[in-house]
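# Descriptive analysis of the structure
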2 protein chains.
Amino acid sequence: MFSFSEENYLKAIFHLERRYKGGVSTNALAEEMETKASSVTDMIRKLSDKQLVIYKKYQGVKLSEKGRATAIEVIRKHRLWEFFLVEKLNFNWDEVHDVAEQLEHIKSEKLTRELDKFLGFPKRDPHGDPIPDAEGNFSVSNKLLLAELEKDQTGICIGVKDTSADFLRYLDKNKIALGKTITVKDIENFDNSMLIVIDGEELRISQLISGNLFIKM
Amino acid sequence: MFSFSEENYLKAIFHLERRYKGGVSTNALAEEMETKASSVTDMIRKLSDKQLVIYKKYQGVKLSEKGRATAIEVIRKHRLWEFFLVEKLNFNWDEVHDVAEQLEHIKSEKLTRELDKFLGFPKRDPHGDPIPDAEGNFSVSNKLLLAELEKDQTGICIGVKDTSADFLRYLDKNKIALGKTITVKDIENFDNSMLIVIDGEELRISQLISGNLFIKM
DNA sequence: TCAATTTTTTAGACTCATCTAAATATTATT
DNA sequence: AATAATATTTAGATGAGTCTAAAAAATTGA
């Protein structure tokens, strides 16, 4: 069994690995965990001793298979509990995080399995993030912001972050709708505006727009 | 907010206060917590500093009002979760304890309130123990073993611990049934057998019998 | 009553997860 | 390539909760 703190580090490394391919740096992890770099070094060494991460001094850190499986298990519990809180206990999707942060550390295989069954094996949590199954497989792809895509990447529009009438009207007017395929043709360095292709038409959108559109790849 | 450990001590003191009226001794608490007397002294001092218990050296410890309220809140959460596990997640009543020991420490007023509502404000957990309401009131009295009663005390039979056919047949034969009122007339020191009165009739029962009959007072 | 026994507390040490401050390694910049 | 800036690790300390061993207080009982 692992401590709350160890599990939180593994989770953080898992999330950061998407951004830092070659290994997660000590500083990045310190920022994510809201702690000091020296504390991170200590914990990484401990996780390394337990074979949960692969670590070489000054080289950053990566999850081992065991570490990844543990991180995914914690994420699975977090998202199942979020779903439970919203679906069964009348929480709003924006109130669940802190409680789920606590519940994700409860140790009981049967609890997780039965909770999953009780909830009908949900595929996404209330924020749209995928819930891995008991084997650690994500059956749906992760949600991204359009703003996170790079030049020449393509995705499908699956949701909006800003739900204001103004924003939705803008999308309507420009024929951006759920299910549409979007390809990033170019990104302007100066203001991060994007040139995208949707329905074969080119369209330039500001960072405010791309930062409020959810995409799956 | 209090640590898991602090909450566990408060809970233990709450349970022991029933047996040790004049204050819970360090050794009794050490046994209950499966730890050493010296650790208990340390923790008691800490709880005393936080005004959760009333403590004088060598005099044992009692809960303050604040300490009692905290203990009851933890017990409330423990028993609500036990009910949830059995009623919603297909746990057996004898599998729930360890998981509930973890869940009882989750901090969220809304969670406890909504869970209570979701479960239909249950009055007893799967073991028959009363669940306090949000104000800390036990609306039903606690379940005891007949063996825990003292001379001249009276209670009502509300359940059995041993559910074997042999035991139930014995009860039948001696006209002991749910709902019957039992008064303890005498307890034999040598073998702890009891002389009880039921339906106006005297009956002598062994400790094996009295230790398997649940009573409410 | 006063010695023996039991209970409780104190003293000092350990582990875990964290911190600050200082040292060292890496990287970026002239 | 040398220096400046940045990133990372080491060294040493802290607080929470626990432990063992020893000291002190309370209780028991001859």
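Residues numbered from 1 in each chain as written. Chains lettered and ligands numbered in written order. Predicted model: local features only at pLDDT ≥ 70, side-chain atom pairs only at ≥ 80, totals over all residues.

## Observations concerning the domain arrangement of chain A
We note that the domain assignment places domain 1 (4-63) and domain 2 (144-216) within chain A. The C-alpha centroid of domain 2 of chain A is placed 32 Å from the C-alpha centroid of domain 1 of chain A. (Domains from an automatic or database assignment.)

## Regarding the sheet that holds strand β3 (residues 143-145) of chain B
Residues and elements named next belong to chain B. An order of β3-β8-β4-β5-β6-β7 is seen for the six strands of this open sheet, with the pairing classed as antiparallel. Unpaired on one side and paired on the other, β3 and β7 (201-205) mark the two borders of the sheet. Shown here is a sheet whose adjacent strand axes are inclined to one another by a mean of 45°, direction ignored. Bridge count for strand β6 (residues 194-198) against β7 is five bridges, and the pairing is antiparallel. Looking across to β7, one finds that I196 is bridged to L203. (Pairing = 2+ DSSP bridges. Helix = DSSP H or I, 4+ residues; strand = E, 2+ residues; numbered from the N terminus. Axes fitted to C-alpha atoms, helices over the stretch in contact; angles between N-to-C directions.)

## Focus: the packing of helix α2 (residues 26-33) of chain B against helix α3 (residues 37-49) of chain B
Residue and element names in this part refer to chain B. Running from amino to carboxyl end, α2 crosses α3 at an angle of 105°, the nearest separation of the two axes being 8 Å. Classified by the angle between their axes, α2 and α3 sit roughly perpendicular to one another. The segment α2 lies against α3, with T26, N27, L29, A30 and M33 engaging A37, V40 and T41. Its residues placed into classes, the contact of α2 with α3 shows five nonpolar, three polar and no charged. (Parallel < 35°, antiparallel > 145°, perpendicular 65-115°, else oblique. Contact = placed C-beta atoms within 7 Å. Nonpolar A, V, L, I, M, F, W, Y, C, P; charged D, E, K, R; others polar.)

## Things to note about the interface of chain A and chain B
In this assembly, 13 residues from chain A lie in contact with 13 residues from chain B. In terms of residue count, helix α6 (residues 109-118) of chain A provides more of the side of chain A that touches chain B than any other element does, four residues in total.

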